[in-house]
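# Coordinate analysis (summary)
Single-letter residue listing:
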Amino acid sequence: MSKPTPETPPEHPNESPSNKQDRLIEEPIDTTLSDTQPVDDEEQEQPATGDDKPATNVSLISGESKPRTYKVDNQSFFMQRGYQVLLVLGLIAAFFLVMVYQTLFGRIEQPAQKVTIEQGQTYYGLLPQWQQQIPLFSVSVAKMYVKSQVDAPLHAGIYQLPENPTMAEALQVLAQGADAAMVKVQIIEGKTSQDLYQTLRDTNGITKEVLIDGSDNASIAKSLDLGAILPDDVINSSDPIVNYNLEGWFAPDTYYYGEDTSDKQVLLDLYKRQQQALTEAWENRAPDLPYKTPYEALIMASIIEKETSVADERPLVAAVFRNRLNQSMRMQTDPTIIYGMGSRYDGNIRRKDINEKTSYNTYQIDGLPPTPIALPSAASIEATLHPADSEALYFVATGNGGHKFTNSLAEHNQAVKDYLKVMREKKAQAASQ
């Protein structure tokens, strides 16, 4: 009869299976194995059978942990990517909104002022001023805004802009041009300052502040505060035509002004334009010219304006007068006789008029007259300071438009004979009809 095999006593006699499980959970597990580490009893009681083998935890063998990875279908992965995309789109939208705001409501620093819009100017042509002064200003956004807000083209005229305006505010002011009452002031090249004064006196809608009854050259110059631009010999001249004469200082052109614009504002506007044209041309003038000051160039430009209306001839006429002055020859130009005669001129120049010595008659005086004799265009100012490369000393009308330019007196006299012959033929032809 066999003897019963004694049971091996438990390591902890008071532990129940459940208590043992709890203890295994609470106690820390040493994940480092050595060759002499004992094997857990429970693991011995679960031998592997057949092909089933216990799973081996590689991290327990190597002592290293694998980095955690996400599967492509992990929901948190797509949420993170979505937040990044939304952030980028939000930043782009914020930048665009700031750009739109700056374009429409960003302010340029300038005082309240009247702005003159020329015939043919467009809204788009005004955008560079804002682009230069406002950060993040977008011309494309501005053009889209103009296209969506404005139906009519930009009207010529003078507009009152507020202090430090935004583009949206300026656009609102300029868009009223179609409804605003505008006054047309047309000043033709070659007309005189007296013609200009009379035009302003006769124009309804221009308020008279300077050109009042009894005004003369001196009172006009003082009212405009322009006496300082004149030479002393003009200011102190005893000749009433010369004294404080602002001739030549107003730019001829066609202008549009709002109703009730003052004559003072118009005259100062035309003066500033002429001054700018003269200054720019003087700074870029050709070398070896006989003019000591910009004012002398303005005098010459007024003479050129009166001598020819043919644009291509202006540099040639300028060359003739330059050459004559450089050779100390008198200019001998008929328009100076006419200007010196003043109101006595009746449309004809007689021999006695040529022989009369006035402040302006260049047949009788040396050099330039004391003031300009007309309102010269910017083209005549430019021609004066950039004359043609020519040695001509004379010119005379051809009778068929334009002039004949010659280098010697003999050639000039022949050109005069040819002119007289053409005029006689035309007179005879007219009489026969």
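Residues numbered from 1 in each chain as written. Predicted model: local features only at pLDDT ≥ 70, side-chain atom pairs only at ≥ 80, totals over all residues. Heavy atoms only, no water.

## Re the confidence of the model for the protein chain
Taken residue by residue, the protein chain gives an average pLDDT of 82. The fraction at 70 or more is 81%. A low-confidence stretch, residues 1-53 stays under pLDDT 50, and its non-local contacts, those more than four residues away or across chains, total 8 contacts. (pLDDT = per-residue confidence, 0-100. Contact = heavy atoms within 4.5 Å.)

## Some points on the packing of helix H12 (residues 294-307) against helix H13 (residues 314-326)
Running from amino to carboxyl end, H12 crosses H13 at an angle of 130 degrees, the nearest separation of the two axes being 10 Å. As far as their axial angle goes, H13 and H12 are oblique. Here H12 runs over H13; the crossing is right-handed. For the pair formed by H12 and H13, the contact residues are Met300, Ile303, Ile304, Glu305 and Glu307 on the first element and Arg314, Val317, Ala318, Phe321 and Leu325 on the second. Split by residue class, the contact of H12 with H13 holds 7 nonpolar, no polar and 3 charged. (Axes fitted to C-alpha atoms, helices over the stretch in contact; angles between N-to-C directions. Helix = DSSP H or I, 4+ residues; strand = E, 2+ residues; numbered from the N terminus. Parallel < 35°, antiparallel > 145°, perpendicular 65-115°, else oblique. Left-handed = near helix turned anticlockwise from the far one by under 90°. Nonpolar A, V, L, I, M, F, W, Y, C, P; charged D, E, K, R; others polar.)

## Considering the packing of aromatic side chains
Under the counting rule described, the total for this entry stands at 8 aromatic pairs. On the basis of an interplanar angle of 80 degrees and a centroid distance of 5.8 Å, the ring pair of Phe321 and Phe395 is categorised as edge-to-face. Placement of Phe321 in helix H13 and of Phe395 in strand E7 (residues 394-397) is noted, with a sequence separation of 74 residues between them. Exposure class is identical for Phe321 and Phe395. Each is buried. Site record: aromatic cluster; members linked through ring pairs are Trp249, Tyr271 and Tyr295. Positioned above the aromatic ring of Tyr124 is the side chain of Lys143, whose terminal nitrogen or guanidinium carbon lies 5.3 Å from the ring centre. (Phe/Tyr/Trp six-rings, centres within 6.5 Å; stacked < 30°, edge-to-face > 60°. Buried < 20%, exposed > 50% of the residue type's maximum accessible area, 1.4 Å probe, protein only. Lys NZ or Arg CZ within 6 Å of the ring centre and 35° of its normal.)

## Comments concerning the pairing of strand E8 (residues 403-406)
Where E7 meets E8, 4 bridges bridge the pair, whose relative direction is antiparallel. Note on E8: the bridge partner recorded for Tyr394 is Thr406. Hairpin geometry of E7 and E8 is characterised by an intervening segment of 5 residues between the two adjacent antiparallel strands and by a positive phi of about 90 degrees at Gly399. (Pairing = 2+ DSSP bridges.)

## As for the nonpolar core
Counting residues in hydrophobic clusters, the biggest one holds 59 residues, and the most contacted among them are Leu196, Leu246 and Phe250. A total of 8 residues in this core trace back to one element, the largest contributor, which is H12. Setting aside residues up to four positions removed in sequence, Phe250 forms contacts with Ser193, Leu196, Tyr197, Leu224, Leu267, Leu270, Tyr271, Gln274 and Leu375. Counting residues in each nonpolar core, the second largest holds 20 residues, with Tyr123, Leu126, Ile134 and Leu161 among its members. (Core = buried A, V, L, I, M, F, W, Y, C linked by side-chain atoms within 4.5 Å.)

## Comments concerning the environment of Arg322
Following the sequence through the fold, Arg322 ends up in helix H13. The class of Arg322 is buried, set by a relative accessible area of 14%. Counting along the chain gives 69 residues from Arg322 to Glu391, while the straight-line C-alpha distance between them is 9.5 Å. The contacts of Arg322, once residues within four sequence positions are left out, are Leu289, Pro290, Tyr291, Pro387, Ala388 and Ser390. Polar contacts involving the side chain of Arg322 include one to the main-chain carbonyl oxygen of Ala388, which spans 3.4 Å. (Polar contact = N/O pair within 3.5 Å; in protein donor to acceptor, adjacent residues only side chain to side chain.)

## Remarks on the pattern of salt bridges
Opposite charge on two side chains makes pairing possible when the charged atoms of those side chains draw close. Scanning all chains against the criterion turns up 6 salt bridges. Taking the shortest distance from any N to any O, the salt bridge between Arg273 and Asp269 comes out at 3.4 Å. Of this pair, Arg273 and Asp269 both sit in helix H11 (residues 263-283), separated by 4 residues, roughly a single helical turn. Residues Glu356 and Arg344 are paired through a salt bridge, measuring 3.1 Å at the closest nitrogen-oxygen approach. Here Arg344 lies in the loop between helix H14 (334-341) and helix H15 (351-355) and Glu356 lies in the loop between H15 and helix H16 (378-385), a separation of 12 residues in the sequence. Taking the relative accessible area as the measure of exposure, Glu356 reaches 27% and is therefore partly exposed. (Salt bridge = Lys/Arg side-chain N within 4 Å of Asp/Glu carboxyl O.)

## Observations concerning H12
Counted at 1.5 Å a residue, the expected span for H12 with its 14 residues is 20 Å, and the 20 Å between its end C-alpha atoms agrees. For H12, the buried fraction is high: 11 of the 14 residues fall into the buried class. Where H12 is concerned, the buried positions are Tyr295, Ala297, Leu298, Ile299, Met300, Ala301, Ser302, Ile303, Ile304, Glu305 and Glu307. (Expected span 1.5 Å × (residues − 1).)

## Regarding a nonpolar patch on the surface
On the surface, a nonpolar cluster with roughly 710 Å² of combined accessible area is contributed by Met79, Tyr83, Val85, Leu86, Val88, Leu89 and Ile92. Inspection of the secondary structure puts Met79 in helix H4 (residues 75-105). (Patch = residues over 30% accessible without salt bridge, like charges linked within 9 Å, V, L, I, M, F, W, Y side chains within 5 Å. Areas by Shrake-Rupley, 256 points an atom, 1.4 Å probe, with all protein chains shown as cover.)

## Re the side chain of Glu247
Position of Glu247 among the secondary structure elements: in the loop between helix H10 (232-235) and strand E5 (254-258). Despite its burial, Glu247 remains without a salt bridge, the nearest opposite charge being carried by Lys306 at 9.2 Å. Reaching out from Glu247, the side chain makes a polar contact with the backbone nitrogen of Ser193 at a distance of 2.8 Å. Polar contacts involving the side chain of Glu247 include one to the side chain of Tyr339, which spans 2.7 Å. In contact with Glu247, other than residues within four places in its own chain, are Lys191, Thr192, Ser193, Tyr339, Thr371, Pro372, Ile373, Ala374 and Leu375. (Lys, Arg positive; Asp, Glu negative; His and termini not counted.)

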